[in-house]
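Working through the structure, step by step
Residue-level listing of the chains:
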Protein chains: 2
Amino acid sequence: MDHRIPDADDLGHVIRDARKAQGLTQDQLAGMTGTGRRFISELENGKDTAQLGKVLLVLAALGIALYALSKWK
Amino acid sequence: MDHRIPDADDLGHVIRDARKAQGLTQDQLAGMTGTGRRFISELENGKDTAQLGKVLLVLAALGIALYALSKWK
DNA sequence: ACGAATTGTTACCTATCGGTAACTTTTTAT
DNA sequence: ATAAAAAGTTACCGATAGGTAACAATTCGT
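Notes on the structure follow. Please read these numbers as outputs of a predicted model, since none were measured by experiment. (Residues numbered from 1 in each chain as written. Chains lettered and ligands numbered in written order. Predicted model: local features only at pLDDT ≥ 70, side-chain atom pairs only at ≥ 80, totals over all residues. Heavy atoms only, no water.)

1. Looking at the pattern of salt bridges
As a reminder, the rule being used: We count a salt bridge whenever a side-chain nitrogen from Lys or Arg sits within 4 Å of a carboxyl oxygen from Asp or Glu. Comment: elements are numbered from the N terminus, with helices defined as DSSP H or I runs of at least four residues and strands as E runs of at least two. Each residue gets one of three labels from its accessible area relative to the maximum for its type: buried under 20%, exposed over 50%, partly exposed in between, using a 1.4 Å probe on protein chains only.
According to the stated counting rule, one finds eight salt bridges over all chains in the structure shown. One salt bridge in this structure joins Glu44(B) and Arg19(B), with 2.6 Å as the shortest N-O distance. Here Glu44(B) is found in helix H3 (residues 37-44), whereas its partner Arg19(B) is found in helix H1 (residues 8-21), with 25 residues between them in sequence. Residue Glu44(B) is classed as buried on the basis of its relative accessible area of 3%. Three or more residues are tied together by salt bridges with common partners; here these are Arg16(A), Arg19(A) and Glu44(A).

In structure tokens form, the structure reads like this:
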């Protein structure tokens, strides 16, 4: 499934859904990505000050690919 | 055109390409998004500590949509 | 309903993000 | 080639991200 990600809330939902679909706890996901459980919790709840690199780490760990769709190039 | 975004470098390229395709300077893009020119410069050069919310602002300002492609849901 | 597991939240703390502004380097136009 | 514009970079500095750890609230399975 693909989801448009206009804001941090949407990303949080996608991440939470994917994590649960794979039967992972926040603790496990944090461990897999070298982050902390607090970060995962806040991220899933739409924190928009989350750092890009860590967000991409989490997405990769969950097997979620990000696409940028530009009408310009 | 759509681009996969595995890391911050790729995002930077997409943003730079879109900005140039629209004939904008970093200064103008910073003004449009309430950020600073330094942020745009670093973002285009792949800074992975950029904050998610600001990144999404920049993408929106450039008319770039983000999609998350998950095989799980 | 009850206990355990999971998640949310707070305090504490160090590292650093990013705005402004100045200066340097690179790119672009003529 | 040269001057102007754009982009890169640095210093300065207030604000805050996020790790750990402890506690509270919530969600589970049975």
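There's plenty left to go through after this.
2. Side note on the pairing of strand S2 (residues 64-70) of chain A
Formally: Here a strand pair is declared whenever DSSP counts at least two bridges between the two strands.
Of all seven residues in S2(A), five are buried, a share of seventy percent or more. Across three bridges, S2(A) lies against strand S1 (residues 2-4) of chain B in antiparallel orientation. Each bridged residue has a counterpart across the sheet, and for Leu69(A) the counterpart in S1(B) is Asp2(B).

3. Concerning helix H2 (residues 26-33) of chain B
Residues separated by three or four positions in an α-helix point in the same direction, a consequence of the helix having 3.6 residues per turn. Residue and element names in this part refer to chain B. Put simply, the rule reads: Think of the arc as the fan of directions from the helix axis to the C-beta atoms.
For H2, the complete set of buried residues consists of Gln26, Leu29, Ala30 and Thr33. Across the axial projection of H2, the buried residues extend over an arc of 100°, all falling on one side. Glycine 34 lies just past H2 and shows a positive phi near 65°.

4. Here we look at the packing of helix H3 (residues 37-44) of chain A against helix H4 (residues 52-61) of chain A
In a pair of packed helices, the angle between the axes and the distance between the axes together describe the arrangement. All names here are of chain A. Put simply, the test is: Orientation is described by axes fitted as lines to C-alpha atoms, over the contacting stretch for helices, and by angles from 0 to 180 degrees between their N-to-C directions. Geometric relationships in this document are graded by angle, where less than 35 degrees denotes roughly parallel, more than 145 denotes roughly antiparallel, 65 to 115 denotes roughly perpendicular, and other angles denote oblique. We call two residues contacting when some pair of their heavy atoms lies within 4.5 Å. In this classification, the charged set is Asp, Glu, Lys and Arg, the nonpolar set is Ala, Val, Leu, Ile, Met, Phe, Trp, Tyr, Cys and Pro, and all remaining amino acids, among them Gly, are polar.
Contact geometry of H3 with H4 gives a least axis separation of 12 Å together with a crossing angle of 90°. Taken together, the axes of H3 and H4 lie roughly perpendicular to each other. Across from Phe39, Ile40 and Leu43 in H3, the residues of H4 making contact are Lys54, Val55 and Val58. By residue class, the composition of the contact of H3 with H4 is five nonpolar, no polar and one charged.

5. Remarks on the protein's contact with DNA strand C
Counted only if it meets this: Note on definitions. A residue lies near a molecule or strand when any single heavy atom of the residue is within 4 Å of it. Any pair of N or O atoms that falls within 3.5 Å is considered a polar contact. Within protein, one atom must be able to donate a hydrogen and the other to accept it, and sequence-neighbouring residues count only if both atoms are side-chain atoms.
Close to DNA strand C lie 19 residues, the nearest being Arg16(A), Arg19(A), Gln26(A), Ser41(A) and Arg38(B). Close to the protein, within 4 Å, the atoms of DNA strand C are drawn from sugar and phosphate at a rate of 58%. One of the side-chain N or O atoms of Arg38(A) is found 3.1 Å from a base nitrogen in DNA strand C. Interatomic distance of 2.8 Å between a side-chain N/O atom of Ser41(A) and a phosphate oxygen of DNA strand C. At the level of secondary structure, the elements contributing two or more residues to the surface near DNA strand C comprise helix H1 (8-21) and H3 of chain A together with H3 of chain B. Partitioning the surface near DNA strand C into residue classes produces two nonpolar, nine polar and eight charged.

6. What to know about the environment of Val58(B)
Residue and element names in this part refer to chain B. With respect to the helices, strands and loops of the structure, valine 58 is situated in helix H4 (residues 52-61). On the basis of relative accessibility, which here comes to 0%, the residue valine 58 falls in the buried class. Valine 58 has contacts with Ile15, Leu29, Thr33, Phe39, Ile40 and Leu43, leaving out every residue within four places of it along the chain.

7. A short note on the interface of chain A and chain B
Applied cut-off: Reported buried area values correspond to the accessible surface (1.4 Å probe) lost by two parts on association, with both partners' losses combined.
Opposite the 34 residues of chain A that make contact, chain B presents 34 residues. Here chain A and chain B share an interface that buries about 3400 Å² over both sides, 62% of which is from carbon and sulfur atoms. Seen at the junction of chain A and chain B, the total is zero salt bridges. In this assembly, chain A and chain B are joined by 13 residue pairs in polar contact (both at pLDDT 80 or more). For the side of chain A that touches chain B, the elements supplying multiple residues, two or more each, are strand S1 (2-4), H1, H4 and S2 of chain A. Of the residues forming the side of chain A that touches chain B, the biggest block, seven residues, is contributed by S2(A). Taken together, the residues of the side of chain A that touches chain B break down into 19 nonpolar, seven polar and eight charged.

Geometric descriptors of this kind do not, in isolation, establish any biological role.
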